[in-house]
Amino acid sequence: MEEGTGTGGPLFQTYGAKGRTVYKIYASFILMCILSILSYRLTHIPDEQDGVRWAWMAMLSSELWFSFYWIITQSARWNPIYHQTFKHRLSQRHGNELPCVDVFVCTADPVAEPPSLVVSTVLSVMAYDYPSEKLSVYLSDDAGSELTFYALWEACKFSKYWLPFCKKFEVEPRSPGACFFKQSFHSSSNNLSTTKEWSKMKDMYEEMINRIEFVVRQGKVPQELKQHQGFSKWSSEMTSRNHDAIIQILIDEKDENSVDLDGNLLPRLVYMAREKRPQHHHNFKAGAMNALLRVSSEISNSPIILNVDCDMYSNNSQSIRDALCFFLDEEKGHDIGFIQYPQYFDNITKNDLYATSFNVINEVELCGLDSWGGTLYIGTGCFHRREALKGRKYSKDYIEDWKRGSLDKRRVESPSVLEDRAKPLASCTYEHNTLWGKEIGLRYGCAVEDILTGLTIHYNGWKSRYFNPQRRGFLGLAPTALEPSLVQFKRWSEGHFQIFLSKYSPLLFGHQKIKLGLCMGYSIYNLWALNSFPTLTYILIPPLFLLKGISLFPKVSTAWFLPFALVFIAKQAYSLIEALYCGDTFMGWWNSQRMWVFRRITSFLLWLPLITYSSSLVNEQEVMEFHSASPMFVIVGTVALLNAFCLVGGVMRMVNMNEGDAGMDALLIQVVLCGMVVAINVPIYEGLFLRKDKGCMPSSVTFASLGAAMLACLLTMV
């Protein structure tokens, strides 16, 4: 057990996962089996006949890649570590002398990200159990939408009631949307749901949401509702891609109205819409975050920054204090650049149909990377040291100014002065001929700018910690249909592969700056895209040669059959045990096997235009939704049908040719492999032929898949 030390005891302690010896024995066993499989491939290369040799070499290449990739993945499972924080020691040691914290919330589209959803997230972070005078919340609205500003103004008024309510009853979570409608709240009062205060607060929230949604439906804010001077910043000529910078401090400590019903100061609340012009590239979320970095440095300049997505509300009011236990530990906190919380979702069905819960990644893999001195920055639920995020290199003689912001002279200036001073920092030309996006702030030019930024922070000498408390820190929304789920992974795999091919590649260049284990850990995700080709090889070539009655694997009666069988059984058994340990169900594990196959043959393979999608609905029936003619579905449908045709044709061939036991002896592995692919694709067959609802496969996808699969089978038999 590793502990940070200091007067009064550590603020956090670190301990390793149990059962590592057993796992290392298992991994060693798998490695021996893998070496045996490769030995078989290399020593049994067939003569050139009927295309068998090229197929054999393709299988060998795939198995070499899978072996290499499996070794890479061991970095995330070799020695996972976990942390425990001691918030009572933090309070005893620092009392009210805690550092200021800036919270960044980003939104970009009032249609895909409804303002009612955004303000519920904003209210959840405003209600943290933390001194309000040390908390500043910034909303970046990249659409520059008057609708979002109106919703935030409504949230300002509601916060005067909501924050005292949360403190009085110790409500969790402190997102009103989740608290009132998701039946997952906790309170110090057992009968809170039956009290008049509960009903009154719920009615007040519903009235606010109804007003916001009415305005959103109208598409504009009625003149009689424009009771804040900030509405004057909007004009009819403004669009989401062409507007001036807007900085509005809605709540400020110097305003006598910036207090709640109990007379306590409310957290500072700032609305920012950076300037956007069609002729200037805006660099998406990374550009918005960098604008927030600059604007906040003029208004609050807190040493700690939390950033959350607008659909990822705070589920734990103690998250700030937990994070500070790492940063403020006297022995182990000086070199920590960021603290990453896991990304969980509250609209996942029981069996996680689209495998979007990331339970194994959250519970195992990110903990494993932490043991190498760092983890991934995943773009939300992350506490940053401001200086690390701005690009400062770590040095042992650096001393953090934890009082920054609380004593800053800029806090005595009026809001209008601060707004005027910050506005130029949000202009679309401010970054020209500067190091912003290159060496300062979030990095540009990558589809996963958050991952790249976290990697460069590690390259600058900072460490990071991954913290997964018992009560989840943040909850959000996952895609609830197949296509957006695949598109999401397509963007991620594209971005990760960009990193692998760049000068930042951890596997190629990172070993000089970070530990080898962390280089390997990053590469697990950087190399997602390259898994597409060997996976396609393994699910296309064996069934086609099964159709021809040609074996590509050892006979069951030979000793070479054992390593293939043992690797398959051991890996599937371990995967199932790991998934169950992390909270998945058996069907959830099976769904994840299906989705990883789908992702490898579509998301990791295709380079198509991205599709924006956001939904808060939960598919309670756990039936896959297709309903679009996506090229991804054509690939999935073709692979599914090809394996079905080949399985039926191969088995019929063995029966008709009276091959009997001899045929099964030679082709058993191909039959099992083909059968597994068919079993995984049962929802695809239903979508292609059996379902008649709106979520079925379009007829164009069915015909294209049928044609491609039948053509491949016919060409094989020629």
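Keep in mind the model is a prediction, meaning the values are calculated, not measured.

**Quick look at the packing of aromatic side chains**
- Across all of its chains, the model carries 54 aromatic pairs by this definition.
- Between Tyr26 and Tyr574 the ring centres are 4.9 Å apart and the planes differ by 20°, which places this aromatic pair in the stacked class. Here Tyr26 is found in helix α1 (residues 20–43), whereas its partner Tyr574 is found in helix α18 (residues 561–581), with 548 residues between them in sequence.
- Given a relative accessible area of 16%, Tyr26 falls into the buried group.
- Note on Tyr574: relative accessible area 21%, which makes it partly exposed.

**Quick look at unusual backbone geometry**
- Here the bond from Glu172 into Pro173 is cis, since omega is -5°, no more than 30 degrees from zero.
- Considering the arrangement of structural elements, one finds Pro173 in the loop between α5 (146–169) and α6 (176–181).
- For Ala355, which is not glycine, the phi dihedral falls at a positive 50°.
- Counting through the fold element by element, Ala355 comes out in the loop between β11 (344–345) and α10 (359–370).
- Here the phi dihedral of Asn433 falls at roughly 60°; this positive angle occurs in a residue that is not glycine.
- Here Asn433 is to be found in the loop between α12 (415–422) and α13 (449–459).

**Description of the UniProt feature "binding site: Mn(2+)" (unreviewed entry) in the chain**
- Residues given the UniProt feature "binding site: Mn(2+)" (unreviewed entry) here are Lys285 and Asp309. Separation in sequence by 25 residues is not matched in space for these annotated residues, since their most distant C-alpha atoms are only 10.0 Å apart.
- Counting through the fold element by element, Lys285 comes out in helix α8 (residues 284–299).
- The contacts of Lys285, once residues within four sequence positions are left out, are Asn307, Asp309, Gly379 and Glu449.
- Topologically, Asp309 is positioned in strand β8 (residues 304–309).
- The residues touching Asp309, leaving out its near neighbours within four places in the chain, are Val105, Cys106, Thr121, Lys285, Gln343, Gly379 and Thr380.

**Observations concerning the state of the cysteines**
- In this structure the tally under the stated criterion is 0 disulfides.
- Distance from the sulfur of Cys428, which forms no disulfide, to the nearest cysteine sulfur (Cys106) is 18 Å.
- Free cysteine: Cys674, not disulfide-bonded; nearest cysteine sulfur from Cys646 at 5.9 Å.
- Under the relative-accessibility criterion, Cys674 is labelled buried at 2%.

**Digging into the pattern of salt bridges**
- According to the stated counting rule, one finds 26 salt bridges in the structure shown.
- Here Glu63 and Arg41 are joined by a salt bridge, their closest N and O atoms 2.7 Å apart. Remark: Arg41 occurs in helix α1 and Glu63 occurs in helix α2 (residues 52–73); sequence separation between them is 22 residues. One exposure class covers both Glu63 and Arg41, and it is buried.
- The salt bridge involving Arg691 is made with Asp693; its shortest N-O contact spans 2.9 Å.
- Residue classification places Asp693 among the partly exposed residues on the basis of a relative accessible area of 36%.
- Put simply, Arg385, Glu387, Arg392, Glu400 and Arg404 are held in one network by salt bridges that share partners.

**Comments concerning the sheet that holds strand β10 (residues 336–340)**
- The strand order β6-β7-β5-β4-β8-β12-β10-β13 describes an open sheet built from 8 strands, whose pairing is mixed. On the outer flanks of this sheet lie β6 (246–251) and β13 (463–466), each paired with one strand and no other. Taken over all neighbouring pairs, the strand axes of this sheet differ in orientation by 20° on average, direction set aside.
- Contacts between helix α9 (residues 319–327) and the sheet are confined to β4 (101–107), β5 (135–141), β8, β10, β12 (382–385) and β13, with β10 contributing the most and set at about 150° to the helix.

**Considerations on the nonpolar core**
- With 108 residues, the main nonpolar core has Val122, Trp162, Leu269 and Phe383 as its most contacted residues.
- Discounting residues that sit within four places of it in the chain, Trp162 has contacts with Leu123, Ala127, Arg174, Ser175, Pro176, Cys179, Phe180 and Met201.
- The next biggest cluster of nonpolar side chains, apart from the first, holds 42 residues, and it includes Ile539, Val677, Met697 and Cys713.

**Some words on the packing of helix α4 (residues 115–126) against helix α7 (residues 196–218)**
- At a closest axis distance of 9 Å, the pairing of α4 and α7 adopts a crossing angle of 140°. As judged from the angle between their axes, α4 and α7 are oblique. Across the interface between the two elements, Pro115, Ser116, Val119, Ser120 and Leu123 of α4 pack against Tyr205, Met208, Ile209, Ile212, Glu213 and Val216 of α7.
- The class makeup of the residues in the contact of α4 with α7 is 8 nonpolar, 2 polar and 1 charged.

**Overview of the UniProt feature "binding site: UDP-alpha-D-glucose" (unreviewed entry) in the chain**
- Here the UniProt-annotated "binding site: UDP-alpha-D-glucose" (unreviewed entry) positions come out as Glu113 and Asp142. Spatially, the listed residues are clustered: although they cover 30 residues, their C-alpha atoms lie within 11.4 Å of one another.
- Within the element layout of this structure, Glu113 appears in the loop between β4 and α4.
- In terms of polar contacts, Glu113 uses its side chain to reach the side chain of Thr107, at 2.7 Å.
- One can find Asp142 in the loop between β5 and α5.
- Classification of Asp142 as buried rests on a relative accessible area of 7%.
- In this structure the side chain of Asp142 is engaged in a polar contact, spanning 2.7 Å, whose partner is the side chain of Arg274.

Here is what the cut-offs are and how they apply
Residues numbered from 1 in each chain as written. Predicted model: local features only at pLDDT ≥ 70, side-chain atom pairs only at ≥ 80, totals over all residues. Heavy atoms only, no water. Phe/Tyr/Trp six-rings, centres within 6.5 Å; stacked < 30°, edge-to-face > 60°. Helix = DSSP H or I, 4+ residues; strand = E, 2+ residues; numbered from the N terminus. Buried < 20%, exposed > 50% of the residue type's maximum accessible area, 1.4 Å probe, protein only. UniProt positions renumbered as here; feature names shortened; annotations may be inferred. Contact = heavy atoms within 4.5 Å. Disulfide = S-S within 2.5 Å. Salt bridge = Lys/Arg side-chain N within 4 Å of Asp/Glu carboxyl O. Pairing = 2+ DSSP bridges. Axes fitted to C-alpha atoms, helices over the stretch in contact; angles between N-to-C directions. Core = buried A, V, L, I, M, F, W, Y, C linked by side-chain atoms within 4.5 Å. Parallel < 35°, antiparallel > 145°, perpendicular 65-115°, else oblique. Nonpolar A, V, L, I, M, F, W, Y, C, P; charged D, E, K, R; others polar. Polar contact = N/O pair within 3.5 Å; in protein donor to acceptor, adjacent residues only side chain to side chain.

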